[in-house]
Amino acid sequence: MMQPAKNVFKKVHQIVVIILIVSAISISGCQTLPNNQQSNVTKITFWHGVNPPSNRDVLQKLVDQFNQEHQDIQVESLYIGQAEQQLPKILAAVVGNAPPDLLWFNATLTGQLVELDAICPLENWLTALPVKNQLDPALFESMEYQGHIWSVPFGTNNSGVFYRPSLFQAAGITKVPETWEELRRVARQLTRDTDGDKRIDQHGIFLPLGKGEFAVFLWLPFMWSAGGELVTDTQQAAAVDLANNSGAIAALQFWQNLIADGSAVLSLPERGFEIDDFLAGKVAMQLTGPWTLGQLKSTGVDFGVFPIPADKRRATGIGGENLFVFKSTPQREQAALKFTEFVLSEQFQTQWAIGTGYLPVNVKARENAQYKAFAKELPAVQVFLDQAQYGRSRPIFPGYSRVSENIGRALEAVLLRKSSPAEALQAAQQRLNLIFQ
């Protein structure tokens, strides 16, 4: 009785893959590999998910600058959605032999792309460049896998807590929280009926809801802070143990407590990056990162940032995206590497950081006079620079996306109060065991 159902599922899966391949090829302009060069100009495609739109404008200006300075190379920059939207397009494009030349994505995809033999190792190219010694040493962990360098950092960040000082002042709060207990208490104080209609119209904190990587990324520092780890000695997805992870249970319980207190409001599913409620004063605190600094600065609202409060230890998640070079033809690979060298330069990193709020990956850019002036104008930048020493990177082994997906499912179940933290993690572990064992 099970075999027909299995065959149906297989056919449906094949159809879905074909649709995704067609979609990915259409996004890349239906260009086939041999016909990408015309009139001695090498045309390459660059897929990314840069957000918010104002940051995409900054990127496009930098791409345009590169194209103007390199008449023999033309980079086509294409926004293909957020991580959850990008991933199936990327994998389908690789399977369909129609990948981009360059990809902007977080480093957790590394192992999967290596398994697919889709990307170029970069250590020989990078070693020959002076810029290698200008890269933040902390970022090499996200670049290296199985003895090779597979990507380079495009921009880095970490997560913190943005807050509205005016709302803190109105609630009589004079000190930002440093511990989980203090954060919970402050969130309750900031949850208020501000217009006297006996309904809450201002919540203490905004939490991301969803099974996607963004919500997981913002939650992981709480797990690490409570002493939890995804893996220890071995870098394999099969070694992940969620069911017995006391730090994960504590972190999920803390977020559920914020919901139970009535002091937290949830984002729409997979929309945890939106800051509309924060800007409108409907929430006083929000977990996010420096990628929102440019947007916040342009609005004129008051805001500040403080490090993620600690339980047993300080922790934050090292975020940002890396740049991958896909295997294609020697000419296109060389063109892609030329653009990649531009991305790592002090010039690019300074302008990218000032325009978006990302932290520069090039340490010379951090000492650049323009960047120093920018950081002085926005004290929040220094909070993220100082907090980087407590940053932790997510695993880059094959299968991380499945681990993240199941953590996300547990997180969603807990935030919607459909399950206890221990039950949600037990269910997640059972699913992972079926996948990896």
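Conventions and cut-offs
- Residues numbered from 1 in each chain as written.
- Predicted model: local features only at pLDDT ≥ 70, side-chain atom pairs only at ≥ 80, totals over all residues.
- Heavy atoms only, no water.
- UniProt positions renumbered as here; feature names shortened; annotations may be inferred.
- Helix = DSSP H or I, 4+ residues; strand = E, 2+ residues; numbered from the N terminus.
- Rg over C-alpha atoms; globule rule 2.2 N^0.38 Å.
- Contact = heavy atoms within 4.5 Å.
- Lys, Arg positive; Asp, Glu negative; His and termini not counted.
- Charge placed at Lys NZ, Arg CZ, Asp CG, Glu CD.
- Pairing = 2+ DSSP bridges.
- Axes fitted to C-alpha atoms, helices over the stretch in contact; angles between N-to-C directions.
- 1 Å grid on protein atoms, 1.4 Å probe; cavity = no way out; pocket = protein on both sides within 12 Å on 5 of 7 lines; lining within 4 Å.
- Points joined across faces, edges and corners; volume = space filled by probe spheres on them.
- Nonpolar A, V, L, I, M, F, W, Y, C, P; charged D, E, K, R; others polar.
- Polar contact = N/O pair within 3.5 Å; in protein donor to acceptor, adjacent residues only side chain to side chain.
- Phe/Tyr/Trp six-rings, centres within 6.5 Å; stacked < 30°, edge-to-face > 60°.
- Buried < 20%, exposed > 50% of the residue type's maximum accessible area, 1.4 Å probe, protein only.
- Parallel < 35°, antiparallel > 145°, perpendicular 65-115°, else oblique.

Where an unreviewed UniProt entry is consulted, the protein chain appears under the name ABC transporter substrate-binding protein, with the organism given as Chroogloeocystis siderophila 5.2 s.c.1. As stated in UniProt under Sequence similarities (unreviewed entry), the record for the protein chain gives "Belongs to the bacterial solute-binding protein 1 family."

Caption draft 1: Highlighting the overall build of the protein chain. When you go through the protein chain residue by residue, the secondary structure sums to 18 helices and 14 strands. Expected size for 437 residues packed as a compact globule is a radius of gyration near 22 Å; at 22 Å, the protein chain falls within 12% of this value. Over its C-alpha atoms, taken along the principal directions, the protein chain stretches across nearly 70 × 70 × 40 Å. Sequence-distant contacts, at least 24 apart, represent 76% of the contacts inside the protein chain between residues at least 6 apart. One finds the centroid of the 37 positive side-chain charges in the protein chain at a distance of 4 Å from the centroid of its 41 negative side-chain charges.

Caption draft 2: Focus on the sheet that holds strand 11 (residues 283–288). Strand order in this open sheet of five strands is 10-9-11-8-12, and the pairing throughout is mixed. Bordering the open sheet on either side are strand 10 (264–266) and strand 12 (304–306), each of which pairs with just one other strand. Between one strand and the next, the sheet's axes are offset by a mean angle of 30°, whatever the strand orientation. Of the pairings in the sheet, the one linking strand 8 (residues 160–163) to strand 11 comprises four bridges and is antiparallel in character. Bridged to Gly160 within strand 11 is Thr288.

Caption draft 3: Region of the structure containing empty space enclosed by the protein. The final tally for this structure, using the stated rule, is two cavities of 30 Å³ or more. Counted as a void, the largest cavity has a volume near 140 Å³. Surrounding the largest cavity, 16 residues form its lining, Ala107, Ser142, Ile318, Gly319 and Gly320 being those nearest its centre. Sorting the residues of the lining of the largest cavity by element identifies strand 7 (152–158) and strand 13 (316–325) as the ones contributing at least two each. Considering every element that reaches the lining of the largest cavity, the biggest residue donor is strand 13, with five residues. By residue class, the composition of the lining of the largest cavity is five nonpolar, nine polar and two charged.

Caption draft 4: Looking closely at the side chain of Gln86. Within the secondary structure, Gln86 is located in helix 3 (residues 83–95). Polar side-chain contacts of Gln86 include one of 2.9 Å to the backbone oxygen of Gly81. Discounting chain neighbours no more than four positions away, the residues touching Gln86 are His48, Gly49, Ile80, Gly81, Leu103, Trp104 and Phe105.

Caption draft 5: Summary view of the packing of aromatic side chains. Under the definition given, this model contains 21 aromatic pairs. Taken together, a centroid distance of 5.5 Å and an interplanar angle of 40° make the contact between Phe66 and Phe342 tilted. Residue Phe66 is found in helix 2 (residues 53–69), and its partner Phe342 is found in helix 12 (residues 330–344); the two are separated by 276 residues along the sequence. Taking the relative accessible area as the measure of exposure, Phe66 reaches 0% and is therefore buried.

Caption draft 6: Up close: the packing of helix 12 against helix 13 (residues 346–356). Where helix 12 contacts helix 13, the two axes come as close as 4 Å, and the packing angle between them is 60°. One way to sum up the angle between helix 12 and helix 13 is to call them oblique. Facing Phe342, Val343 and Leu344 of helix 12, the residues of helix 13 in contact are Glu346, Gln347, Phe348 and Gln349. Across the contact of helix 12 with helix 13, the residue classes tally to four nonpolar, two polar and one charged.

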